[in-house]
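One letter stands for each residue in the lines below.
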Amino acid sequence: KEGSILWQKLFYGNLSSQDQSFKIEETSDGGYVICGYMNTYIINDSDLDFMVFKLDKNGNILWQKAIGGISSDQAFSFSENSLGEFLITGQSCSFTPSCEALIVKLNGTGAVQWQKTIGTSGDEAGFFIKTTSDSGALIVGTTSSNGVDNNYHGWVIKINVNGTVEWQKALN
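Residues numbered from 1 in each chain as written. Predicted model: local features only at pLDDT ≥ 70, side-chain atom pairs only at ≥ 80, totals over all residues. Heavy atoms only, no water.

Draft legend 1. The arrangement of the nonpolar core in detail. Of all hydrophobic cores here, the largest spans 13 residues; its most connected members are Phe50, Val52, Phe78, Phe86, Ile88, Val104 and Leu106. Elements that contribute at least two residues to this core include exactly β2 (32–38), β3 (49–55), β4 (61–67), β5 (73–80), β6 (86–92) and β7 (100–106). In terms of residue count, the dominant contributor to this core is β7 (three residues). In contact with Phe50, other than residues within four places in its own chain, are Gly36, Lys65, Ala66, Ile67, Asp73, Gln74, Ala75, Ile88, Thr89, Gly90, Leu102 and Val104. (Core = buried A, V, L, I, M, F, W, Y, C linked by side-chain atoms within 4.5 Å. Buried < 20%, exposed > 50% of the residue type's maximum accessible area, 1.4 Å probe, protein only. Helix = DSSP H or I, 4+ residues; strand = E, 2+ residues; numbered from the N terminus. Contact = heavy atoms within 4.5 Å.)

Here it is in structure tokens:
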């Protein structure tokens, strides 16, 4: 029947936490990926952790990945490339004195291929990522490190297949 619930699942870290999901998308194998954040206590902290779940077509967890450090880390978007790998972007406040955009590449089984932060002295975040035909990605986010003022501005970043920044532009 049209509009019927086929399945539903609840994923949470700590019942009193502020877990949130920001994106779900069907993957090339017919399953799904979800990204967001959870207060997992997996990373030995009490702050938010960058979370990614891979589900099968029935909503069963195939793998999950928590990434983070001693402060808040959040995943906002992901994109699957032609090899079935996932590029995820968000924000991390754990690895540098300020918050920076965090970009993580996971293989099809959830293993971290590389993890990078991008930013300077201000705060940055990646809110959307899209893989490109050269196996790199474009990331859209915000930065307060544009050299003009301390306000937040739009930010576009192009990375290559290894996560190295090819170019970036603050949109004033």
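Draft legend 2. Looking closely at the sheet that holds strand β8 (residues 112–118). Reading across the sheet, the four strands line up as β5-β6-β7-β8 and stay open at both edges, with antiparallel pairing between neighbours. Either end of the sheet is taken by a strand with one partner, and the two such strands are β5 and β8. Direction aside, the axes of adjacent strands within the sheet are offset by 20° on average. With seven bridges joining them, β5 and β6 adopt antiparallel strand pairing. Within the sheet, the bridge partner assigned to Gln74 lies in β6 and is Gln91. (Pairing = 2+ DSSP bridges. Axes fitted to C-alpha atoms, helices over the stretch in contact; angles between N-to-C directions.)

Draft legend 3. Spotlight on the sheet that holds β3. Strand order across the open sheet formed by four strands is β1-β2-β3-β4, with antiparallel pairing between neighbours. Two strands bound the open sheet, and with one partner strand each, they are β1 (20–26) and β4. Ignoring strand direction, the axes of neighbouring strands in this sheet form an average angle of 15°. Where β1 and β2 come together, six bridges link them in antiparallel fashion.

Draft legend 4. Broad picture of the packing of aromatic side chains. For the coordinates displayed, the defined rule picks out six aromatic pairs. Measuring from ring centre to ring centre gives 5.0 Å for Phe22 and Phe76, while their planes differ by 75°; the resulting arrangement is edge-to-face. With a gap of 54 residues between them, Phe22 in strand β1 and Phe76 in strand β5 connect regions that are remote in the sequence. Judged by its relative accessible area of 38%, Phe22 is partly exposed. Measuring from centroid to centroid gives 5.0 Å for Phe76 and Phe127, while their planes differ by 40°, and the two rings are tilted. Here Phe76, found in strand β5, pairs with Phe127, found in strand β9 (residues 124–131); they are 51 residues apart in sequence, far enough to count as distant. Judged by its relative accessible area of 13%, Phe76 falls in the buried class. Ring pairing ties together the aromatic residues Phe22, Tyr37, Phe76 and Phe127, which thus form one cluster. Between Lys116 and the ring centre of Trp114, over which it is positioned, the NZ or CZ distance is 5.8 Å. (Phe/Tyr/Trp six-rings, centres within 6.5 Å; stacked < 30°, edge-to-face > 60°. Lys NZ or Arg CZ within 6 Å of the ring centre and 35° of its normal.)

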